[in-house]
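Residue-level listing of the chains:
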Amino acid sequence: MFFVDTLEYEGLGNRSYLAGGPAGAVAVDPPRDIDRVIAAAARRGVRVTHVAETHLHNDYVSGGLELARVTGAHYLVPAGAAVSFARVAVADGDTVTVDDGVALRAVATPGHTPHHTSYVLEQEGQAVAVFTGGSLLIGTVGRPDLVEPRLTEPLARAQHASAHRLAGELDEEVRVLPTHGFGSFCAGSQSEGDTSTIGAERRTNAALTQDVDTFVAALLTGLDDVPAYYTHMSPANAAGPAPLDLTPPRRADADEIAERLAAGEWVVDLRNRVAFAEGHVAGSFNFEGDGKPATYLAWLIPWGKPVTLLADTPEQVADAQRELARVGIDRPAAAATGAPPSWVRDGDRLASFPRARFADLAEERARGGAPVVLDVRRDAERAGGHVEGSVHLPVHQLPDRLGEVPHGRVWVHCAGGMRAAIAASLLDAVGREVVAVDDGFDAAAEAGLPLVRPGSSA
């Protein structure tokens, strides 16, 4: 009997897979930290015989090359991917034996990238699952605009054709196992649901229910912002990522933290946003360790800028270090844990700012105040409705546009509170008076704040 184990990476919204038989297995689209894959194989008592990439990833650094080196596995990479290392170049129709009776068949599915390849898992010649990478996702497809602007529409059309090829060649009960679509910005839209089959996708996926022109128009219209760090991922994967070093960073004392801030380096506080607001090192930025520190920190930080991590515990630092390494931020310059007062020099005080709800903002306006309201959601989110009179600067643009924030006390909000905390810390670091609205956006209407909705005249 075959098996498929799913390895989830919630911070990046991705999955990788280990699949095979009683003795051998293939790892599909493994992350940079390969120890989880090796541990999964050990639990199964199998040897990793093959490592397969569906494409050169745009959103994370792959661990495929290192996993193949460590395990001695064959490294399968689409033949059309231009890489600088030795690998087994796979083309449409190529089949490899993973274990007795278990095989992997390559199916060319261009669209997310020109060279994208899906892999059909077969048991005794019968398809049982398909690893679709960034091709056919659950209810959507991978976005086609990450390679080159001139290729975006042709790749969108290729996505439609690739989805139809998979749906046409595979039986209804074949499981669909994508890499993207669980929060990743590589998805054309966010998936709804956790599992799927070819049959379910035939009935619900727009790529399979709409004609190509309708599908392409809707896909291109709905594309969200692209994280800035994506620019660095594909080249890193093409060059061959270096082995990962997850040894703990050096310990920083209060003097070193102050010196790094003075040098213009980033000092990142991983604590929850409530604790950060109550007291933090002046000039530090808040990226919650329980949120998406890899995505948003990598998106905002100037690439290559040294980063020092502050946290309650060494375990929080280790978790963040692992997540950051997945997107190419390999070695924190330093780290400090424990009580925040120990992070500042004697005589210095911790900074703080207030938190509030949308109801508090409504009360402020009712008293006749004219607070600056800063909306840091993405364009697509704001298009669904926004607080009347609010200023819009998406959080990923804020570091370069701080001068555009109007004078006065700034009430900053997002959709739930995490990004508002990031933005509040950025503003606080440059001396702005700020209030972090820690609330769900639905509460804005409930509080009686006037909203501008799509189609309204305001």
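Residues numbered from 1 in each chain as written. Predicted model: local features only at pLDDT ≥ 70, side-chain atom pairs only at ≥ 80, totals over all residues. Heavy atoms only, no water.

1. With respect to the overall build of the protein chain
Logical step 1: Secondary structure assignment for the protein chain yields 15 helices and 22 strands.
Logical step 2: Taken against the 2.2 N^0.38 rule, which gives 23 Å for 458 residues, the C-alpha radius of gyration of the protein chain at 24 Å falls within 12% of a compact globule.
Logical step 3: Overall, the C-alpha framework of the protein chain stretches about 70 × 55 × 35 Å when taken along its three principal axes.
Logical step 4: Split into buried and exposed, the 458 residues of the protein chain put 54% on the buried side.
Logical step 5: For the protein chain, the distance from the average position of its 40 positive side-chain charges to the average position of its 61 negative side-chain charges is 2 Å. (Helix = DSSP H or I, 4+ residues; strand = E, 2+ residues; numbered from the N terminus. Rg over C-alpha atoms; globule rule 2.2 N^0.38 Å. Buried < 20%, exposed > 50% of the residue type's maximum accessible area, 1.4 Å probe, protein only. Lys, Arg positive; Asp, Glu negative; His and termini not counted. Charge placed at Lys NZ, Arg CZ, Asp CG, Glu CD.)

2. Section: the side chain of glutamate 53
Logical step 1: Looking at where glutamate 53 falls in the secondary structure, it is placed in the loop between strand 4 (47–52) and helix 2 (64–71).
Logical step 2: For the buried glutamate 53, no salt bridge exists, and the shortest N-O distance to an oppositely charged side chain is 11 Å, to arginine 87.
Logical step 3: Of the polar contacts made by the side chain of glutamate 53, one reaches the side chain of histidine 57; its length is 2.9 Å.
Logical step 4: Side-chain polar atoms of glutamate 53 contact the side chain of tyrosine 75, separated by 2.6 Å. (Salt bridge = Lys/Arg side-chain N within 4 Å of Asp/Glu carboxyl O. Polar contact = N/O pair within 3.5 Å; in protein donor to acceptor, adjacent residues only side chain to side chain.)

3. Section: the packing of aromatic side chains
Logical step 1: Across all of its chains, the model carries nine aromatic pairs by this definition.
Logical step 2: Cluster of aromatic residues (ring-pair linked, three or more members): Phe185, Tyr296 and Trp299.
Logical step 3: Directly above the ring of phenylalanine 182 sits arginine 15, whose terminal nitrogen or CZ lies 3.8 Å from the centroid.
Logical step 4: Sitting over the face of the ring of phenylalanine 441, arginine 377 holds its NZ or CZ atom 4.0 Å from the ring centroid. (Phe/Tyr/Trp six-rings, centres within 6.5 Å; stacked < 30°, edge-to-face > 60°. Lys NZ or Arg CZ within 6 Å of the ring centre and 35° of its normal.)

4. Section: the environment of alanine 294
Logical step 1: Its location among the elements puts alanine 294 in helix 10 (residues 293–300).
Logical step 2: Residue alanine 294 is classed as buried on the basis of its relative accessible area, which comes to 0%.
Logical step 3: C-alpha of alanine 294 to C-alpha of alanine 325: the two residues are 31 residues apart in sequence and 8.3 Å apart in space.
Logical step 4: If near-sequence neighbours (up to four positions away) are discounted, alanine 294 is found in contact with Leu12, Tyr229, Glu323, Leu324 and Val327. (Contact = heavy atoms within 4.5 Å.)

5. Considerations on the sheet that holds strand 10 (residues 126–133)
Logical step 1: The mixed open sheet is built from five strands, whose spatial order is 7-8-9-10-11. At either end of the open sheet lies a strand with only one pairing partner, and these are strand 7 (95–99) and strand 11 (175–178). Neighbouring strand axes in the sheet, compared pairwise and without regard to direction, differ in orientation by 25° on average.
Logical step 2: By the bridge criterion, four bridges tie strand 7 to strand 8 (residues 102–108) in an arrangement that is antiparallel. Each bridged residue has a counterpart across the sheet, and for threonine 97 the counterpart in strand 8 is alanine 103.
Logical step 3: Lying over the sheet, helix 3 (residues 152–169) contacts strand 8, strand 9 (117–123) and strand 10, oriented at roughly 145° with respect to strand 8. (Pairing = 2+ DSSP bridges. Axes fitted to C-alpha atoms, helices over the stretch in contact; angles between N-to-C directions.)

6. Considerations on the side chain of histidine 57
Logical step 1: Examined against the element boundaries, histidine 57 turns out to sit in the loop between strand 4 and helix 2.
Logical step 2: At 3.2 Å, the side chain of histidine 57 and the side chain of aspartate 29 are in polar contact.
Logical step 3: Excluding residues within four positions of it along the chain, histidine 57 makes contact with Asp29, Ser62, His180, Met233, Ser234 and Asn237.

7. Section: the sheet that holds strand 6 (residues 88–90)
Logical step 1: As summarised here, the arrangement of the six strands in space is 1-2-3-4-5-6, forming an open sheet in which the pairing is mixed. The open sheet is flanked by strand 1 (3–9) and strand 6, the only strands paired with a single partner. Across this sheet, the average inter-strand angle for adjacent strands is 25°, counted without regard to direction.
Logical step 2: The pairing of strand 1 with strand 2 (residues 14–20) spans seven bridges and is antiparallel. When the bridges of strand 2 are listed, phenylalanine 3 appears paired with glycine 20.
Logical step 3: Across the sheet, helix 1 (residues 35–44) touches strand 1, strand 2, strand 3 (24–28) and strand 4, and the angle it forms with strand 1 is around 150°.
Logical step 4: Sheet contacts for helix 2: strand 3, strand 4 and strand 5 (74–78); angle to strand 4, the most-contacted strand, approximately 150°.

8. Focus: helix 11 (residues 314–325)
Because an α-helix completes one turn every 3.6 residues, residues spaced three or four positions apart along the sequence face the same direction.
Logical step 1: The terminal C-alpha atoms of helix 11 lie 16 Å apart, and with 12 residues this matches the ideal 16 Å at 1.5 Å per residue to within 8%.
Logical step 2: Contact partners of the buried residues in helix 11: helix 10, strand 14 (307–311) and strand 15 (334–337). (Expected span 1.5 Å × (residues − 1).)

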